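Coordinate analysis (summary)
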Amino acid sequence: MNEIILGLGDYGASKTPGTIIKTYALGSCVAVMLYDPVIQAAGMVHVVLPDSSIDSKKAQQKPGYFADTGISSLLALMEQLGSSGQVWVKLAGGAQIADPNFRFNVGKRNTLAVKKCLWALRLGALTEDLGGDLSRTVALRTDDGMVVLSNPKKGEWMI
Amino acid sequence: MNNAELREKLKTHIINAVSESMEMFFVDAEHMGEYLDYSEGIDWINMDALYAEILIFFPFSGELRLIMPRQLVVTMAENVYSMEEEPSEQILDDLIAETLNVIAGRLLASMLPPSERFKFGLPELGEDSFLETDAFSEAVDFDAEGIPLWVVACGEGFLEYV
C-alpha cells in the first residue's frame, strides 16, 4: 500500500491502485478531495486559508495553502493524470477549535471560500464532514474514492 | 422572561438567521457586538447603501429591514453569478430583496413554533420603503468579512412571539 502524506498547504494526486492520500489533524483547515471514478484517480489539497490575495508570494510558493489557488492547482494535477473531468468532490475539516466565541472563525471562512471556488468551477460537494469543534485525520483511497475520517475521541467513520 | 431577556433571545434568532442566509452567498457574516450602531438619524448613508424592507402580516404585524453597503451586495453577486463584469442595478436589487426574503423566512421559522404558520409580504426596495414608526425595534449589526450590514426588526410582535 502506498501512502501519500500531505502537510499544511500541500496537494497531491495519484491513480496508482492501493494508494491512500492522507492528511493529519485538520482543524480549521479544509481538505478538498477529488475523485475521478473513470480513471480511478484521487487528489487532495490541504487548504489553510481562504484567499490568496493576502499573500501572493506565498500563493506562488505554496498554492495549496489557499482555497482559490489550491483547488485550481489540484484540478490541474488531476488533468495531468488524465482526468476525464467527471470528478466527485468531498470536503472535510473547517472546525472551530481555537476560538469558542466564534470570532474570526477561520474554519467557516475556509469552508465558504472552498465552496465559492467550487461553485465558480461548476462543482459541488457530493458529501462533506465540516464544522464542529473536532480535529479530523482524513484518508482518501484511490481504489474507490472513499474517505476515512478519524479522531482520537470519536474513532473512525467514512464519507 | 423580562424585556431584556426577550430582546436577547430575538437577537440570537436574528444572528443565526442572518449568518445562515449569508452562507448561501459564500459570505461569512458574524455579529460583532455593536461595533457600528445602526441609527436612522446618522448620516451613515454616505457609504452608499442599499435598503430592503419586508412586512410581516401574520401571526403578528412587524417589519424587517436590511441595510447593506453596495460593495457587499456586489461581492455577493460576483460570488453567486461568478461574474467578472460589474453586476447591473437590477441584479443588485434582486439580490438584496432575495437575501431579505430568505432571512425573514429563516427568522420566523426559527422563532415561531414548528406548527405556527406565518405570512409576510414581498420585499420592497429603497430607503423610502421604511415605515416611520415609534414601535419597538431591535437593530443587529454584522461584520461580513470587513463590511458592515444591519438587520432591524420593528414591531412589538417580535417580543411577543419570540
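Look above for the structure.
These remarks concern the structure in this document. Numbers given to residues run from 1 along each chain, matching the order in which its sequence is written. Chain letters start at A and ligand numbers start at 1, both assigned in the order the entries are written. Where local features are concerned, this predicted model is filtered to residues with pLDDT of at least 70; where side-chain atom pairs are given and counted, the filter is 80 or more; whole-chain, interface and lining totals use all residues. No hydrogens and no water enter the side-chain calculation; it runs on all heavy atoms of the structure.

This paragraph deals with the overall build of chain A. Counting secondary structure elements, chain A contains three helices and ten strands. Runs of H or I in DSSP of at least four residues are treated as helices and runs of E of at least two as strands, each being numbered from the N terminus. Starting at the N terminus, the α and β elements of chain A follow one another as β-β-β-β-β-α-α-β-α-β-β-β-β. Based on C-alpha atoms, the radius of gyration is set beside the globule rule, defined as 2.2 Å times the residue count to the power 0.38. Computed over the C-alpha atoms, the radius of gyration of chain A is 14 Å, within 12% of the 15 Å expected from 2.2 N^0.38 for a compact globule of 159 residues. Areas reported here follow the Shrake-Rupley algorithm with a probe of radius 1.4 Å; residue values treat only the protein chains shown as occluding. Total accessible area computed for chain A in this model is approximately 7500 Å², and 53% of it derives from carbon and sulfur atoms. Of the charged side chains in chain A, 16 are positive and 14 negative, and the gap between their average positions amounts to 5 Å. Residues scored as positive are Lys and Arg, those scored as negative are Asp and Glu, and His as well as the terminal groups of each chain are ignored. Lys charges are placed at NZ, Arg charges at CZ, Asp charges at CG and Glu charges at CD.

Sheet strands pair by backbone hydrogen bonding; their relative direction is either parallel or antiparallel. Residue and element names in this part refer to chain A. Strands qualify as paired when DSSP identifies two bridges or more between them. Taken in spatial order, the five strands make up an open sheet running β1-β3-β8-β9-β10, and their pairing is mixed. A single partner strand is all that each edge strand has here, and the edge strands are β1 (2–6) and β10 (155–158). The average angle at which neighbouring strand axes cross in this sheet is 20°, direction not considered. For strand β9 (residues 147–151) and β10, the ladder comprises four bridges, and the chain directions are antiparallel. Note on definitions: angles span 0 to 180 degrees between N-to-C directions of axes, and those axes are lines fitted to C-alpha atoms, for helices only across the stretch in contact.

The subject of this paragraph is the interface of chain B and chain A. Contacts are residue-level and defined by heavy atoms, with any inter-residue pair within 4.5 Å sufficient. Facing the twelve residues of chain B at the interface are twelve residues of chain A. Accessible surface is computed with a 1.4 Å probe, and the buried area is the amount of it that two parts give up when combined, taken over both parts together. With both sides pooled, the region where chain B packs onto chain A buries about 1100 Å², and carbon together with sulfur makes up 54% of that total. Taken as a group, B:F26, B:D28 and B:M32 account for 47% of the area that chain B buries against chain A, more than any other trio of residues on that side. One side-chain nitrogen of Lys or Arg within 4 Å of one carboxyl oxygen of Asp or Glu is enough to make a salt bridge. Applying the counting criterion to the chain B and chain A interface returns three salt bridges. One salt bridge in this structure joins B:E23 and A:K108, with 3.4 Å as the shortest N-O distance. Throughout this description, a polar contact denotes any pair of N or O atoms lying within 3.5 Å of each other; where both atoms belong to protein, one of them has to be capable of donating a hydrogen while the other can accept it, and for residues adjacent in sequence the pair is counted only when both atoms sit in side chains. Summed over the shared surface of chain B and chain A, the number is five residue pairs in polar contact (both at pLDDT 80 or more). Of all the elements in the fold, those that place two or more residues in the side of chain B that touches chain A are α1 (3–23), β1 (29–31) and α2 (70–81) of chain B. Each residue is assigned to one of three groups, with Ala, Val, Leu, Ile, Met, Phe, Trp, Tyr, Cys and Pro labelled nonpolar, Asp, Glu, Lys and Arg labelled charged, and all others, Gly among them, labelled polar. Looking at the side of chain B that touches chain A residue by residue, the classes come out as five nonpolar, three polar and four charged.

A separate point is the sheet that holds strand β6 (residues 88–93) of chain A. Residues and elements named next belong to chain A. Spatially, five strands are ordered β2-β5-β4-β6-β7 in an open sheet, and the strand pairing comes out mixed. The two strands at the open ends of the sheet, each matched to only one other strand, are β2 (11–14) and β7 (127–130). Between one strand axis and the next, the sheet turns by 15° as a mean value, whatever way the strands run. As paired strands, strand β4 (residues 30–36) and β6 are joined by six bridges and run antiparallel to one another.

Purely spatial values, then, with no claim about function.
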